[in-house]
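Summary of structural features
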Amino acid sequence: DWLKKVPERPFFAYLNFQATHYPYVIPPESVPLYQPSEIDFPMTSLSYPTEKIPVMENRFYNALHAVDGAVGEVVDALVAAGVWERTVLVMVSDHGEAFYEHGVPAHGTMLFEEQIRTAALLRLPGGEARVLGEPVSVLDLVPTVAHFLELPPHGNFQGRSDILDPGYSARGRPFPFTIQGITREDALLLDDWKLLINLDRRERM
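Quick caveat: nothing in here was measured; it's all calculated off a predicted structure.

This next bit is on the overall build of the protein. Looking only at helices and strands, the protein has three helices and eight strands in total. Walking the protein from its N terminus toward its C terminus, one meets helices and strands in the order α-β-β-β-α-β-α-β-β-β-β. Overall, the C-alpha framework of the protein stretches about 55 × 45 × 25 Å when taken along its three principal axes. Every one of the 205 residues in the protein was classed for burial, and the buried ones make up 30%. Taking as baseline every contact in the protein between residues at least 6 positions apart, the subset at least 24 positions apart corresponds to 49%. Of the roughly 13800 Å² of accessible surface on the protein, a fraction of 58% belongs to carbon and sulfur atoms. Counting 17 positive and 28 negative side-chain charges, the protein places the averaged centre of each group 5 Å from the other.

Here we take up the pairing of strand β5 (residues 174-180). When β5 meets strand β6 (residues 184-190), the two strands line up antiparallel, connected through seven bridges. Considered in β6, the bridge of Ile179 is made with Glu185. Counted along the chain from β5 to the antiparallel partner β6, the turn is three residues long.

So, about helix α3 (residues 141-148). Those residues of α3 that sit buried are Leu141, Pro143, Thr144, Val145 and Ala146. Considering only its buried residues, α3 is in contact with β1 (89-92) and β4 (120-123). Glu150, located one to two residues past α3, shows a positive phi value of around 60 degrees.

Attention now moves to the nonpolar core. Formed by 15 residues in total, the largest nonpolar core has its most connected members in Tyr24, Phe41, Tyr48, Ile53, Met56, Ala63 and Phe99. Sorting elements by how many residues they give to this core places helix α1 (residues 53-80) first, with eight residues. If we skip the residues at most four places from it in the chain, Phe99 touches Tyr24, Tyr48, Ile53, Met56, Glu57, Phe60, Val104 and Pro105.

Take the pattern of salt bridges next. A full pass over the atoms with the stated rule returns ten salt bridges. The partner of Lys194 in a salt bridge is Glu113, with the nearest N and O atoms 2.5 Å apart. Highlighted residues: Lys194 in strand β7 (residues 193-198) and Glu113 in helix α2 (residues 113-116), separated in sequence by 81 residues. With a relative accessible area of 22%, Lys194 lands in the partly exposed category. Across the salt bridge formed by Arg173 and Asp140, the nearest N and O atoms sit 2.8 Å from each other. In this pair, Arg173 sits in the loop between α3 and β5 while Asp140 sits in the loop between β4 and α3, placing the two residues 33 residues apart along the sequence. Here Arg173 matches Asp140 in class, with each residue buried. Via salt bridges that share partners, Glu113, Arg117 and Lys194 belong to a single interconnected network.

Our focus in this paragraph is the packing of aromatic side chains. Inspection of every chain in the model, using the stated rule, returns eight aromatic pairs. Residues Trp2 and Phe11 carry aromatic rings whose centres are separated by 5.6 Å and whose planes lie at 75 degrees to one another, so their mutual orientation is edge-to-face. Ring centres of Phe60 and Tyr61 lie 6.4 Å apart, and the angle between their planes is 55 degrees; on these two criteria the pair is classed as tilted. Ring pairs connect the aromatic residues Tyr22, Tyr24, Tyr34, Phe60, Tyr61 and Phe99, which therefore count as one cluster.

Two orientations exist for strands paired in a sheet by backbone hydrogen bonds: parallel and antiparallel. If you walk across this open sheet you meet the four strands as β5-β6-β7-β8, and the pairing is antiparallel. Looking at strand neighbours, the two that pair on one side only are β5 and β8 (203-204), the edges of this open sheet.

With respect to the element layout, His154 can be found in the loop between α3 and β5. Between the C-alpha atom of His154 and that of Tyr100, which follows or precedes it by 54 residues, the distance is 40 Å. At 2.9 Å, the side chain of His154 and the backbone nitrogen of Asn156 are in polar contact.

Procedures and definitions
Position numbers for residues count from 1 along each chain, tracking the sequence in the order it is written. Only residues with pLDDT of 70 or above have their local features reported here, since the model is predicted, and side-chain atom pairs are shown and tallied only from 80 upward, although totals for entire chains, interfaces and linings are computed over all residues. Only hydrogens and water are set aside; all other atoms, that is, all heavy atoms of the structure, feed into the side-chain values. Here a helix means four or more residues in a row that DSSP labels H or I, a strand means two or more in a row labelled E, and each is numbered from the N terminus. Exposure categories follow from relative accessible area, calculated using a 1.4 Å probe and restricted to protein chains: below 20% of the type maximum is buried, above 50% is exposed, and the middle band is partly exposed. Contacts: residue pairs with any heavy atoms within 4.5 Å of one another. Method for areas: the Shrake-Rupley scheme with a 1.4 Å probe, in which residue coverage is limited to the protein chains shown. Only four residue types enter the tally: Lys and Arg on the positive side, Asp and Glu on the negative side; His and the chain ends are excluded. Note that the charge is assigned to NZ on lysines, CZ on arginines, CG on aspartates and CD on glutamates. Paired strands, in this sense, are two strands between which DSSP finds at least two bridges. Residue types Ala, Val, Leu, Ile, Met, Phe, Trp, Tyr and Cys, when buried and joined through side-chain atoms within 4.5 Å, form a set referred to as a nonpolar core. Whenever Lys or Arg places a side-chain nitrogen within 4 Å of a carboxyl oxygen from Asp or Glu, that contact is recorded as a salt bridge. Ring pairs are drawn from Phe, Tyr and Trp, using the six-membered ring of Trp, whenever the two centres fall within 6.5 Å, and their geometry is named by plane angle: stacked under 30 degrees, edge-to-face over 60, tilted for the rest. Whenever two N or O atoms come within 3.5 Å, that pair is a polar contact, provided that in protein one can donate a hydrogen and the other can accept it, and provided that, for residues adjacent in sequence, both atoms are side-chain atoms.

Next comes the structure, spelled out in structure tokens:
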């Protein structure tokens with residue numbers, strides 16, 4: 001409805017989908033494809049019976065499916081409004097999700113791959129579809145879009161704008177991570193190595 005009222009000028013829209021967060025609740029009209037997904041056991045955001053991992057994973061997949069459908073509705077609305085061909089679309093997650101791979105579920109507890117590795121989709125008008133296998137940071141997305149739009153870099157940018165260049169390589173590039181919530185943990189990824197330092201448990205890995 002908002003899009004129908006947008007005049008012929010540049011616009012920016014931010015949509016935050018929360019279905020893929022615990023307890024992975026989907027809209028009432030959505031059909032849960034993955035079963036079983038009913039919660040009939042005690043649980044919290046940081047604890048549930050490990051034998052119920054498949055149920056929680058199914059709920060997560062159902063939530064992903066619901067979000068996929070919602071993003072599809074957005075794209076359809078952009079097409080119907082006649083602005084899709086000149087629209088930049090960025091879709092990204094701020095974190096991954098654990099299902100007891102390292103002893104804990106959810107996120108914000110450890111900086112292992114299942115909690116920090118995410119997928120990102122960047123659609124630029126006129127660009128050819130391709131898959132970038134090199135690691136990037138979510139901090140790179142805004143500088144990359146600004147570069148594509150030929151906007152000057154902002155002083156607050158911490159990421160890189162060259163991740164779409166043919167010669168981009170993450171070799172030798174350090175990627176820092178941090179948690180400052182449920183626990184305090186820092187990590188640094190460099191090539192094939194990762195260092196994790198938990199300040200609460202005084203552990204290094």
